[in-house]
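Summary of the model geometry
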Amino acid sequence: QVQLMESGGGLVQAGESLTLACVVSGSIFKTYSMGWYRQGLGKQRDMVAVEITGGNSYYADSVKGRFTISRDDANNAMTLQMNSLKPEDTAVYYCNLVARVPDGSVDTYWGQGTQVTVSS
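Heads up: these notes are all about the structure in this document.

Let's talk about unusual backbone geometry
As a rule of thumb, non-glycine residues mostly have phi less than zero, and peptide bonds are mostly trans rather than cis. The phi torsion at N76 lies on the positive side, around 50°, for a residue other than glycine. Its relative accessible area of 32% is what places N76 among the partly exposed residues. One non-glycine residue, S84, adopts positive backbone phi at about 50°. With a relative accessible area of 40%, S84 lands in the partly exposed category.

Now the structure itself:
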């Protein structure tokens, strides 16, 4: 069973930095992409940053130049470095994985989410 666990959320002031981490456990045959999404209160869940295996990374316009996604495939882990945080970055951040598991199926997996709150 594939599970994702986020950590690193918290309360920071505007302009400060925070690093989120995601660790994947369980059996994976092939990873297609890993990424971060966020959901503000009363809002839909939106893509923040996604890295395609062997391909490009994509960022939401609102975070370009401030956030950086990094993958550690050897350890099935991923981080999101968030700099120059703004109050509008306040949201629950979710780790996302698209992968093929040993039974051959391709599924999307989500972590439980970690709260990031940026005060002004």
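Notes on the environment of T68
Along the polypeptide, T68 turns up in strand β7 (residues 67-72). With near-sequence residues (within four places) excluded, T68 lies in contact with Y59, T79, L80 and Q81.

Quick notes on the environment of Y37
Looking at the element boundaries, Y37 is found in strand β4 (residues 30-39). Taking the C-alpha atoms as reference points, Y37 and S57, separated by 20 residues in sequence, lie 14 Å from one another. With near-sequence residues (within four places) excluded, Y37 lies in contact with R45, D46, M47, V48, V50, V92, Y93, Y94, N96 and W110.

A look at the nonpolar core
If you look at the biggest cluster of nonpolar residues, it comprises 28 residues, and the most contacted ones within it are W36, L80, M82 and Y93. Those elements giving two or more residues to this core turn out to be β3 (18-25), β4, β5 (45-52), β7, β8 (77-82), β9 (91-100) and β11 (114-119). Of the residues forming this core, the biggest block, five residues, is contributed by β9. Apart from residues no more than four positions distant in its own chain, L80 is found in contact with L18, T19, L20, W36, V48, A49, F67, T68, I69 and Y93.

Focus: the sheet that holds β7
Strands sit in the order β1-β3-β8-β7 across an open sheet of four strands; the sheet is antiparallel. Edge strands, defined here as strands with exactly one partner in the open sheet, are β1 (3-7) and β7. When the angles between neighbouring strand axes are averaged without regard to direction, this sheet yields 15°. Bridge count between β3 and β8: six bridges; the pairing is antiparallel. Residue pairing for β8: V23 is matched across the bridge by A77.

A short note on a nonpolar patch on the surface
Residues M47, I52 and Y58 make up a contiguous nonpolar surface patch of about 250 Å² in total accessible area. Within the element layout of this structure, I52 appears in strand β5. We classify I52 as partly exposed; its relative accessible area is 32%.

A short note on the pairing of β11
By the alternation rule, side chains of β11 split into T114, V116 and V118, which are all buried, and Q115, T117 and S119, of which none is buried. Note that strand β2 (residues 10-13) and β11 share four bridges and pair parallel. Bridging from a neighbouring strand, L11 pairs with T117 of β11. Here three bridges tie β9 to β11, and the two strands are oriented antiparallel to one another. Counterpart to A91 in the pairing with β11 is V116.

What counts, and where the lines are drawn
- Residues numbered from 1 in each chain as written.
- Predicted model: local features only at pLDDT ≥ 70, side-chain atom pairs only at ≥ 80, totals over all residues.
- Heavy atoms only, no water.
- Buried < 20%, exposed > 50% of the residue type's maximum accessible area, 1.4 Å probe, protein only.
- Helix = DSSP H or I, 4+ residues; strand = E, 2+ residues; numbered from the N terminus.
- Contact = heavy atoms within 4.5 Å.
- Core = buried A, V, L, I, M, F, W, Y, C linked by side-chain atoms within 4.5 Å.
- Pairing = 2+ DSSP bridges.
- Axes fitted to C-alpha atoms, helices over the stretch in contact; angles between N-to-C directions.
- Patch = residues over 30% accessible without salt bridge, like charges linked within 9 Å, V, L, I, M, F, W, Y side chains within 5 Å.
- Areas by Shrake-Rupley, 256 points an atom, 1.4 Å probe, with all protein chains shown as cover.
- Salt bridge = Lys/Arg side-chain N within 4 Å of Asp/Glu carboxyl O.

Geometric values such as these leave the question of function open.
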